[in-house]
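Structure at a glance
Chain by chain, the residues run as shown.
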Amino acid sequence: MDQNILRYHSKEVLKEALSHDNYTLGVFYKQKLIAFIMLQYYDALNMDRNLLKNTEDCKYSEIYTIYLILVKKEYRGHGLQRKMLELIENNKQNIIINAKVSPQNSYSLDNFLACGYKILTEMKMYGGFNRLIVYKPIN
Ligand SMILES: CC(C)(COP(=O)(O)OP(=O)(O)OC[C@H]1O[C@@H](n2cnc3c(N)ncnc32)[C@H](O)[C@@H]1OP(=O)(O)O)[C@@H](O)C(=O)NCCC(=O)NCCS
């Protein structure tokens, strides 16, 4: 995968992330995992709180970061990213959810914006790759 679009996640990195994970939602079809979203609470907390401190949204008590959202190639184009983004909102209240999205990842970015996420800022991350920080308050 082009790192301009998505950073490389080795098996080990994913396992490590899962061991800290606060919330993972998977989509299964014929007993196979075809899509998932991983939300984390601990990771970018301080950075995200600092970024938000001058906005009207700093009042939210908790900030969750979408660590990874992925749909298996052959199942793309069925709106699964949007569906998963909607579903994670159902179980949470009074939080902010954020994500780092490449400005070149137009499929993902369009879906975040369509689901009501706002662009907070653009930063260089993961060794020099551009990422937009998008976020959404959940009431
Ligand atoms: C981004 C992603 C989750 C979107 O998947 P999705 O929910 O299936 O996307 P959508 O259903 O909104 O698809 C919208 C359109 O884009 C197309 N599409 C989606 N992702 C595509 C991709 N990576 N390559 C080519 N076409 C793609 C779909 O076929 C569809 O086209 P259509 O409207 O003509 O049918 C998926 O592309 C993916 O897993 N990418 C790799 C991981 C990634 O980038 N995650 C996001 C990190 S922030």
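Refer to the structure above for everything that follows.
Everything numeric in this text was worked out from a predicted model, so none of it was measured.

1. Some details on the overall build of the protein chain
For the protein chain, the helix and strand inventory stands at four helices and six strands. What you see in the protein chain, going N to C, is helices and strands ordered as α-β-β-α-β-α-β-α-β-β. Here the protein chain holds 139 residues, and the buried ones make up 21% of them. Here the analysis covers contacts within the protein chain between residues at least 6 apart in sequence; of these, 62% occur between residues at least 24 apart.

2. Let's talk about the environment of phenylalanine 129
Locating phenylalanine 129 in the fold gives a position in strand E6 (residues 129-138). With 123 residues separating them along the chain, phenylalanine 129 and leucine 6 place their C-alpha atoms 9.4 Å apart. Setting aside residues up to four positions removed in sequence, phenylalanine 129 forms contacts with Gln3, Asn4, Ser102 and Lys124.

3. A few points about the site of the ligand
For the ligand, the set of nearby residues contains 17 residues, the closest of which are Arg76, Gly77, Gln81, Tyr107 and Ser108. Of the residues contributing to the shell around the ligand, the split by class is nine nonpolar, seven polar and one charged.

4. Concerning the sheet that holds strand E1 (residues 23-29)
As summarised here, the arrangement of the six strands in space is E1-E2-E3-E4-E6-E5, forming an open sheet in which the pairing is mixed. Each of the sheet's edge strands pairs with one partner strand only, and the pair in question is E1 and strand E5 (118-125). The mean angle between the axes of side-by-side strands here comes to 25°, regardless of whether they run parallel or antiparallel. Here six bridges tie strand E2 (residues 32-40) to strand E3 (residues 62-71), and the two strands are oriented antiparallel to one another. The partner of leucine 39 across the bridge, within E3, is isoleucine 66. Across the sheet, helix H3 (residues 80-90) is in contact with E1, E2, E3 and E6; its angle to E1 comes to roughly 135°.

5. Considerations on the pairing of E6
Along any regular strand, the residues point their side chains to alternate faces of the sheet. Inspection of the sheet shows strand E4 (residues 95-101) paired to E6 by seven bridges, in the antiparallel sense. Looking across to E6, one finds that isoleucine 95 is bridged to isoleucine 138. Pairing of E5 with E6, which is carried by seven bridges, proceeds in the antiparallel orientation. Bridge pairing in E6 links isoleucine 119 to valine 134. If you look at the hairpin formed by E5 and E6, you'll find three residues sitting between the two strands, and tyrosine 126 has a positive phi there, around 50°.

What counts, and at which threshold
- Residues numbered from 1 in each chain as written.
- Predicted model: local features only at pLDDT ≥ 70, side-chain atom pairs only at ≥ 80, totals over all residues.
- Helix = DSSP H or I, 4+ residues; strand = E, 2+ residues; numbered from the N terminus.
- Buried ≥ 20, exposed ≤ 12 C-beta atoms within 10 Å, placed from the backbone.
- Contact = placed C-beta atoms within 7 Å.
- Near = placed C-beta within 6 Å.
- Nonpolar A, V, L, I, M, F, W, Y, C, P; charged D, E, K, R; others polar.
- Pairing = 2+ DSSP bridges.
- Axes fitted to C-alpha atoms, helices over the stretch in contact; angles between N-to-C directions.

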